[in-house]
Amino acid sequence: PNGRWLAFSSKGRSIYTQLMLTHIDAKGNDTPAVLVENTTAANRAVNIPEFVNTPPDGLQQIDPQAAEVYRVADRGFELMGNGQMAEAVPEWRKALQMDPGDANWHFNLAVSLRESNQTPEAVEEFRKACDLDAKKPKWFADLAALLSQTGDLDGAVVNYRKSLLLNPSNAAVEADLGVALFKDGQGQEGYEHLQKAVDMDPGFAEGHNDLATALAKMGRLDDAVVEVQKAIALSPSSAGYSYNLGFALELRGDLAGAVEAFQKSVELSEGKDARCLAALADAYDKTGRFPEAIQSARQAADLAVQEKDPQLEQDLRNDLERYQRDGAATQP
């Protein structure tokens, strides 16, 4: 209004166009420019008229229509950050109605759908995101992981390979590819990728655990025990790793060692994992510790009831009857 303010756009500080504001004094000297916040968006460049002669209250806000999609996206991000994945889904759908070609909106919708257990729709959105932007290794890995969960191992393998082409140094994806190949009946290649993963990152506990599982299935039990022990050393609080060690030791014929490992898995899971208790009960039975087998099996069955898993409960009830018969048979 006094003719001494200058608004201009610049990319001097950013890859995006930013709106700046400066004041010109009576001698023509300008003050350091000030950034006008919240006027930048990733998909547009705006030229603001340099001189605006309007009263002080004449311009309340600059509100290009293109900014609306970002307000919707901000709401989607906020909901996701709060763990409200199902509520975020309609926000990302709104964003895609306004900008259907934005790969990021498809990816965020896919994540929200996945976390809301809407798996088929999530797979489709991951595919769209990857088709629109084929340079994101994480996106291909996320799609591969979801395909693996649905049983599409061939699709998982293809997308894990695409992810590794973009980022060959990701040990976790290397291991995931190995697991998928092993499940898909390509055991030798799967083993090679699992071995490569731990060679790339010797501190990768889950990689050692996955390699141990593969080695056990290949009959290399001594090597399997070594690898799962490495996983335990790296992550000693993992009940799952102690559980896997128990099975490897049991397969190797070390029942006493298996009992000890299963006991540790029960301890680490605070007695709240039916699988660990069931394995311990079976190991107790095989070593003639029938009262302890019966007690552990009962605890496991009770947990299965709480978890509303009738099949697991029935299996455990059958095991419990067997342990009771085995115990009775040893009585004089």
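Before any of the text, the structure's been laid out above.
In what follows, the accompanying structure is described. All of these numbers come straight from a predicted model, not from anything done at the bench.

## Overview of the packing of aromatic side chains
- Within the structure shown, the criterion is met by eight aromatic pairs.
- Between phenylalanine 107 and tryptophan 139, the aromatic rings sit 4.8 Å apart at their centres with planes inclined by 10°, giving stacked as the arrangement. Of this pair, phenylalanine 107 sits in helix α3 (residues 103-115) while tryptophan 139 sits in helix α5 (residues 137-149); the two residues are 32 residues apart in sequence, bridging distant segments of the chain.
- On the basis of relative accessible area, phenylalanine 107 is assigned to the buried category, the value being 11%.
- Accessibility expressed as a relative area gives 6% for tryptophan 139, which makes it buried.

## A short note on the nonpolar core
- Core analysis: the largest hydrophobic core is formed by 39 residues, its most contacted members being Trp92, Trp105, Phe126 and Tyr160.
- Counting only elements with at least two residues in this core, the list comes to α1 (68-81), α2 (85-98), α3, α4 (119-132), α5, α6 (153-166) and α7 (171-183).
- If near-sequence neighbours (up to four positions away) are discounted, tyrosine 160 is found in contact with Ala141, Ala144, Ala145, Val173, Asp176, Leu177 and Ala180.
- With 35 residues, the next largest nonpolar core counts Cys276, Ala281, Ala293 and Ala300 among its residues.

## Some thoughts on unusual backbone geometry
- The phi dihedral of asparagine 117 falls on the positive side, at around 65°, and the residue is not glycine.
- Inspection of the secondary structure puts asparagine 117 in the loop between α3 and α4.
- Look at asparagine 117 and you get exposed, because its relative accessible area is 68%.
- A positive phi angle is found at glutamate 270, which is not glycine, with a value near 55°.

## Things to note about the sheet that holds strand β2 (residues 18-23)
- Pairing in this open sheet of three strands is antiparallel, and the strands run β1-β2-β3 from one edge to the other. With one partner strand each, in any of the chains shown, β1 (5-10) and β3 (34-35) form the two edges of the open sheet.
- Relative to β3, β2 is paired through two bridges, and the arrangement is antiparallel. In the sheet register, methionine 20 faces β3, and the bridge partner there is leucine 35.

Definitions and cut-offs
Residues numbered from 1 in each chain as written. Predicted model: local features only at pLDDT ≥ 70, side-chain atom pairs only at ≥ 80, totals over all residues. Heavy atoms only, no water. Phe/Tyr/Trp six-rings, centres within 6.5 Å; stacked < 30°, edge-to-face > 60°. Helix = DSSP H or I, 4+ residues; strand = E, 2+ residues; numbered from the N terminus. Buried < 20%, exposed > 50% of the residue type's maximum accessible area, 1.4 Å probe, protein only. Core = buried A, V, L, I, M, F, W, Y, C linked by side-chain atoms within 4.5 Å. Contact = heavy atoms within 4.5 Å. Pairing = 2+ DSSP bridges.

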